[in-house]
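An overview of the molecular structure
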Amino acid sequence: ATRCCPAPRQNPAHSIEPLLAALRTAATAAGGRLSVLDFGGALGSTWWQHRRQLAAVPEVRWSVVEQPGFVTAGRREFSTGPLRFYETCEACHAAERPNVVLLSSVLPYVERPHALLADLAAHECDWIIIDRTGLTRTGRDRLTVEHVPPSIYDASYPCWFFDRARLLASLPPHW
């Protein structure tokens, strides 16, 4: 007989520490200014998760760039203080001048992830943070299919796992 052991419980605070450290470093480097373009950030879940820990940062702006339906709902229900919603990166850049681009679990689900990364890097910003993204060291990207459990809803999505070196090569040399 085979036994299955559950994964050890992790302290939820530990899972946010690497991203929080990167955000704090970016804010410190910018003299206390943190303006984040959160690409694919839904309704601001990463902002809501980190807002208390970022309270000591003197100037914080959090801009979610999302699909039109999310932007409409976000503006209506969730825009508050530093949290804003935009339909395009261009609109966000014009209004906010972000110094950080956050890509948290979004690159695997876009059609042309390398082109998106190169485009985002071409905008004026100081930091690009790629978080919660599967990487390989195989020399090639791997396209898979993610199946959502039917208990949540019946769907499947294409999902990329990226060769680390190839993904980083999408960035201009100065990065």
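An account of the accompanying structure is given in this report.

Reading the values: rules and limits
Residues numbered from 1 in each chain as written. Predicted model: local features only at pLDDT ≥ 70, side-chain atom pairs only at ≥ 80, totals over all residues. Heavy atoms only, no water. Helix = DSSP H or I, 4+ residues; strand = E, 2+ residues; numbered from the N terminus. Contact = heavy atoms within 4.5 Å. Buried < 20%, exposed > 50% of the residue type's maximum accessible area, 1.4 Å probe, protein only. Arc of directions from axis to C-beta. Pairing = 2+ DSSP bridges. Right-handed = clockwise from strand over helix to strand, strands pointing away.

Residue position: Val36 is located in strand 1 (residues 33–39). Taking the C-alpha atoms as reference points, Val36 and Arg97, separated by 61 residues in sequence, lie 8.9 Å from one another. Beyond its immediate chain neighbours, meaning those up to four positions away, Val36 contacts Leu23, Arg61, Trp62, Ser63, Pro98, Val100 and Leu102.

Before going further, it helps to examine helix 4 (residues 89–96). For helix 4, the set of buried residues is Cys89, Cys92, His93 and Glu96. Taken end-on, helix 4 shows its buried residues confined to a sector of 100°, consistent with a single buried face. Residue Arg97 follows helix 4 closely and has a positive phi angle near 50°.

Below, the discussion takes up the pairing of strand 1. Of all seven residues in strand 1, six are buried; the element is thus mostly enclosed. Inspection of the sheet shows strand 1 paired to strand 4 (residues 100–104) by three bridges, in the parallel sense. Within the sheet, the bridge partner assigned to Leu37 lies in strand 4 and is Val101.

Bridge analysis of strand 4 against strand 5 (residues 127–131) gives five bridges, and the strand direction is parallel. Its bridge partner lying in strand 5, Leu102 is registered against Ile129. Each parallel crossover has a hand, and for strand 4 linked through helix 5 (residues 113–122) to strand 5 it is right-handed.

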